[in-house]
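Residue strings, one per chain:
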Amino acid sequence: MSNTPQTFEEWWVGSHYRKFVESEGVPLYEESYLDNLATLPLAEWERRGGKAAYTRLGDQEVNNLQIVEIPPKGQLKPEKHMYEAVMYVMSGTGATMIWQEGEPRQTVEWSEGTLLAIPLNAWHQEFNSSGDQPCRFLFGTNMAQVINLYQNLDFIFNNPFVFKDRYRHEMEKDYAEKNKHWSLRLSQTNFIPDVRKLKLDTWAERGTRTSIMRLHMGNTKSQIHVLEVSEGTYVTAHRHGPGAHVIQIEGEGYELLFNPGDEINAEGRRKVPIKPYGVISPRRNEYHQHFNTGKGPFRQIGFKGWGQSMSSTKKYDPVGAARSDDRFSSAFKLRYDKEDPAVKEEYYRELEKNGVTLRLEPIDQGG
Ligand SMILES: [Fe+2]
């Protein structure tokens with residue numbers, strides 16, 4: 001990638017993340033949502049082998065997704081990087097090898113539903129273990145932010161610094177087994193074999209029969225969570241800083257997206273159907289609201305960001321401290337009783353259409 005801008009426009013508004021994706025020779029997907037990451041067209045990926053694509057969703061370059069496919073019996077070339085990456089497997093089976101320079105390698109096997117954190121700047125290499133099926137996974141990363149921050153790919157991909165506090169072979173022989181439930185709705189882990197089966201804690205403040213587990217993975221203070229909404233109900237709308245990605249992993253429903261000021265304006269709301277493996281990324285301060293219209297649970301992974309501590313209290317936000325009771329703060333929840341009654345009416349019509357008779361009345365429980 002050339003670092004020399006040729007035109008004023010390139011110099012003034014050029015995004016190094018965009019230039020990086022161009023240099024990878026694979027597609028960049030934009031807008032606010034993609035309906036299925038498991039079938040999204042990818043392109044041959046020369047740098048690591050296999051196929052890949054990137055996203056720039058929600059008009060931001062803080063967090064992004066890298067979607068990757070490996071053909072049967074295939075493998076990627078090893079890499080390391082100065083950005084965080086958490087892998088989610090959408091199909092197939094395989095393994096990831098993790099190591100620090102000069103140290104023994106550790107292999108973690110995975111299949112659909114696996115969530116695995118890649119330690120910062122450690123080597124990793126992915127293998128497809130099937131002889132006849134491709135495998136597809138995604139990395140939720142802060143690559144866009146890191147590339148734009150340092151503007152030097154050599155620093156990001158060929159950096160000799162070893163983060164011994166994140167991963168050392170002798171300390172992390174049990175890397176994949178590490179799992180500590182620190183407090184209600186808050187766990188530290190590096191590897192979850194099938195996140196669709198992960199036990200969550202209830203979160204009544206956010207919705208009727210809603211549960212969540214916030215995951216701090218790869219020895220970071222990350223904001224990754226798994227959220228589940230029961231059949232026959234939906235969560236309150238909320239909004240916050242840019243860069244969150246919500247990936248549907250189980251169940252079906254829809255998402256409402258709208259801007260502050262459009263709380264009671266049906267015209268201003270965008271409605272997006274969602275099923276596995278769709279993704280939405282709300283824009284900065286854009287309200288988003290999840291509705292389960294299927295039979296059974298509705299489960300999502302949220303990638304929000306890295307580097308913030310105290311995420312469980314929402315005390316800090318990528319764009320500054322926020323209070324959830326402050327209408328003008330960047331983290332704000334719209335209580336059920338403040339929402340447009342048309343939202344619930346529309347939801348019940350959707351349930352009826354799908355033959356779901358269970359209705360769990362949305363009731364605010366504080367928070
Ligand atoms: Fe959110």
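Residues numbered from 1 in each chain as written. Predicted model: local features only at pLDDT ≥ 70, side-chain atom pairs only at ≥ 80, totals over all residues. Heavy atoms only, no water.

Caption draft 1: Inspection of the domain arrangement of the protein chain at higher detail. Each domain of the protein chain was delimited in the assignment, giving domain 1 (8-157) and domain 2 (179-353). Taken together, the contact between domain 1 and domain 2 spans 34 residues of the former and 32 residues of the latter. Counting the surface lost from both domain 1 and domain 2, the interface buries some 2700 Å², and carbon and sulfur atoms represent 62% of this. Among the salt bridges present, the one from D59 reaches R283, with a minimum N-O distance of 3.1 Å. Per-element tally for the side of domain 1 that touches domain 2: the top contributor is strand β6 (residues 85-91), with four residues. Across the side of domain 1 that touches domain 2, the residue classes break down as 16 nonpolar, 13 polar and five charged. (Domains from an automatic or database assignment. Contact = heavy atoms within 4.5 Å. Buried area = accessible area lost by both parts, 1.4 Å probe. Salt bridge = Lys/Arg side-chain N within 4 Å of Asp/Glu carboxyl O. Helix = DSSP H or I, 4+ residues; strand = E, 2+ residues; numbered from the N terminus. Nonpolar A, V, L, I, M, F, W, Y, C, P; charged D, E, K, R; others polar.)

Caption draft 2: Representation of unusual backbone geometry. Following P276, the chain continues to Y277 via a peptide bond in cis, the omega torsion being -10°. Secondary-structure assignment places Y277 in the loop between β21 (270-274) and β22 (279-280). Despite not being glycine, D59 has its phi angle at roughly 55°, a positive value. Within the secondary structure, D59 is located in the loop between β4 (51-55) and β5 (64-70). Unlike most non-glycine residues, R185 shows phi in positive territory, near 70°. As for its placement among the helices and strands, R185 is situated in the loop between β12 (179-183) and β13 (186-189).

Caption draft 3: Focus on the packing of aromatic side chains. A complete count under the given rule lists 20 aromatic pairs for this structure. A centroid spacing of 5.0 Å and a plane angle of 65° characterise the contact between Y234 and Y347, whose relative ring orientation is edge-to-face. On the criterion of sequence distance, the pair formed by Y234 in the loop between β17 (222-229) and β18 (237-239) and Y347 in helix α5 (residues 341-353) is long-range, its members being 113 residues apart. Residue Y234 is classed as buried on the basis of its relative accessible area of 1%. Taking relative accessible area as the criterion, Y347 reaches 0% and is therefore assigned buried. Among the aromatic residues, those joined into a ring-pair cluster are Y234, Y254, F291, Y336, Y347 and Y348. The ring centre of F163 lies 5.7 Å from the NZ or CZ of R166, which sits over that ring. Over the aromatic face of Y348 sits the side chain of R359, whose NZ or CZ is 4.0 Å from the ring centroid. (Phe/Tyr/Trp six-rings, centres within 6.5 Å; stacked < 30°, edge-to-face > 60°. Buried < 20%, exposed > 50% of the residue type's maximum accessible area, 1.4 Å probe, protein only. Lys NZ or Arg CZ within 6 Å of the ring centre and 35° of its normal.)

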